[in-house]
Amino acid sequence: MAAGKSPIRVNVVPLAAPYREAIQELTSTRYADVKPKLLGILANDDPAARKYAEWTGKACINDGIEYQLDQVEIHRLEARLEEANKDPSIHGIIVYYPVFGSTPSFFGPSMDDYIRDKVDITKDVEGLTRYYRDALYHNQRYVDEAQTQKCVLPCTPLSVVKILEGLKVYDETLEHGDRLRNKRITVINRSEVVGRPLAAMLANDGAQVYSVDIDSIYEFRRGQLELTQLTVEAACQGSDVIILGVPSKDYQLPIEYIRDDAVVVNVASFKNVNEAALAEAKPNVRFVPLVGKMTVAMLERNLVRLYENFHSPEARAKAAKPSTSHTTDTDSKADGIKTRDVSIGLLAGAALGFVLSRVISST
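Summarised in this report is the structure supplied together with it. (Residues numbered from 1 in each chain as written. Predicted model: local features only at pLDDT ≥ 70, side-chain atom pairs only at ≥ 80, totals over all residues. Heavy atoms only, no water.)

### Regarding the layout of surface pockets
Here comes step 1: Its boundaries defined by the atoms lining it, the largest pocket holds a volume of some 1400 Å³.
Here comes step 2: Looking at the largest pocket, it is lined by 41 residues, and the ones nearest its centre are Val194, Pro247, Val267, Ala268 and Ser269.
Here comes step 3: Those elements giving two or more residues to the lining of the largest pocket turn out to be α2 (47–62), β3 (92–96), α6 (155–166) and α10 (292–311).
Here comes step 4: If you tally residues by element for the lining of the largest pocket, the top one is α2, at 5 residues.
Here comes step 5: A breakdown of the residues in the lining of the largest pocket according to their chemical character gives 26 nonpolar, 8 polar and 7 charged. (1 Å grid on protein atoms, 1.4 Å probe; cavity = no way out; pocket = protein on both sides within 12 Å on 5 of 7 lines; lining within 4 Å. Points joined across faces, edges and corners; volume = space filled by probe spheres on them. Helix = DSSP H or I, 4+ residues; strand = E, 2+ residues; numbered from the N terminus. Nonpolar A, V, L, I, M, F, W, Y, C, P; charged D, E, K, R; others polar.)

So, in structure tokens, the structure goes:
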């Protein structure tokens with residue numbers, strides 16, 4: 001970086017610290033006797049997945065969370081997942097993707113998508129099962145009618161939200177759910193795992209979001225989607241925040257697309273912008289090169305939320321109380337979803353009415 005240029009690199013570790021400290025407090029006091037337990041399942045040789053598993057394990061051990069990593073053959077993945085779903089000692093499950101990649105699937109668009117939806121919803125720390133995706137897109141933020149138990153949200157998109165909160169992009173003087181009012185954000189990625197849920201989350205918080213994919217740009221507003229004729233250049237130049245998530249080492253966002261006062265967040269495993277050139281040309285831009293440490297903090301946060309909602313001694317005691325409703329072990333009338341055996345008793349007490357409640361609150 002040239003002399004006189006102000007630093008633009010944002011380290012997310014201090015931004016993630018308050019969330020990890022809160023978890024450490026809970027696991028050393030309230031949950032000191034029976035700690036939340038996370039199971040990681042690794043069924044591939046992907047270096048990025050292995051690194052993520054390593055980061056997750058170190059963070060969990062440091063923060064008082066039990067962590068178990070199972071390495072399985074790819075043909076054993078589904079069976080191991082079913083075993084973990086039924087194991088009451090396991091409170092959260094993460095499968096490290098990609099596993100099958102673009103391999104055609106008998107069960108749906110891809111085997112990875114199929115596996116994501118096989119995770120029990122009371123253990124879905126990634127927040128990527130259909131149950132939680134529906135909640136996100138309908139801006140439904142609680143799993144119970146009393147609005148005491150919040151949903152989990154996808155970890156990487158949630159990490160971006162928390163980074164933007166930490167950088168004061170969110171206006172804390174406004175009501176929850178509207179703190180991105182008058183903000184324009186471009187998200188260059190529309191995957192079902194990162195880009196699309198992130199665009200929806202930001203739109204649900206009041207932003208005007210441009211969602212960029214290979215062949216189209218859509219504008220996301222709260223609950224609405226519209227195809228635009230904007231170019232990537234125009235979308236970016238009008239944006240307060242640009243989020244880069246292109247999974248290719250060959251993609252580089254042109255520096256001239258970026259406003260002088262923008263926040264640029266790189267969520268891809270490759271840097272989608274030349275950092276040195278950015279610092280030279282746009283010294284006032286705040287650049288977040290990595291979100292992994294915040295993503296792990298959000299994974300832990302989701303685990304604790306699932307533990308509090310479904311698995312803690314208090315949650316289990318609440319679920320064991322006789323219900324006054326007429327639901328049965330095979331039918332949840334509040335949401336019309338037939339739940340798996342491990343979920344029935346827990347959800348009956350804690351999550352009926354999930355798809356009926358529509359609320360706007362803090363993530």
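### Focus: the pattern of salt bridges
Here comes step 1: The final tally for this structure, using the stated rule, is 26 salt bridges.
Here comes step 2: Here Lys282 ties to Asp260 by a salt bridge, and the two come within 3.1 Å at their closest N and O atoms. Note that Lys282 is positioned in the loop between α9 (275–281) and β10 (286–288) and Asp260 in the loop between β8 (241–244) and β9 (263–266), a separation of 22 residues in sequence.
Here comes step 3: Looking at Asp260, the relative accessible area reads 46%, which means it is partly exposed. (Salt bridge = Lys/Arg side-chain N within 4 Å of Asp/Glu carboxyl O. Buried < 20%, exposed > 50% of the residue type's maximum accessible area, 1.4 Å probe, protein only.)

### Digging into the side chain of Thr27
Here comes step 1: Secondary-structure assignment places Thr27 in helix α1 (residues 13–28).
Here comes step 2: If we ignore the near neighbours within four places in the chain, the residues touching Thr27 are Ala32, Lys35, Pro36, Asp63, Gly64 and Ile65. (Contact = heavy atoms within 4.5 Å.)

### Comments concerning helix α3 (residues 77–86)
Here comes step 1: Of the positions making up α3, those classed as buried are Leu77, Arg80, Leu81, Ala84 and Asn85. Here the buried residues of α3 occupy an arc of 140° about the axis, which is enough to place them on one side. (Arc of directions from axis to C-beta.)

### Concerning the sheet that holds β3
Here comes step 1: With parallel pairing, 3 strands are arranged side by side in an open sheet as β2-β1-β3. Looking at which strands have only one partner, the edges of the open sheet turn out to be β2 (66–71) and β3. Within this sheet the neighbouring strands show an average axis-to-axis angle of 20°, counted without direction.
Here comes step 2: The pairing of strand β1 (residues 37–42) with β2 spans 6 bridges and is classified as parallel. Across the sheet, Leu42 pairs through a bridge with Gln71, a residue of β2.
Here comes step 3: In the packing of α2 onto the sheet, contacts are made with β1, β2 and β3, and the angle to β2 comes to roughly 155°.
Here comes step 4: With respect to the sheet, α3 is in contact with β1, β2 and β3, its orientation differing from that of β1 by roughly 175°. (Pairing = 2+ DSSP bridges. Axes fitted to C-alpha atoms, helices over the stretch in contact; angles between N-to-C directions.)

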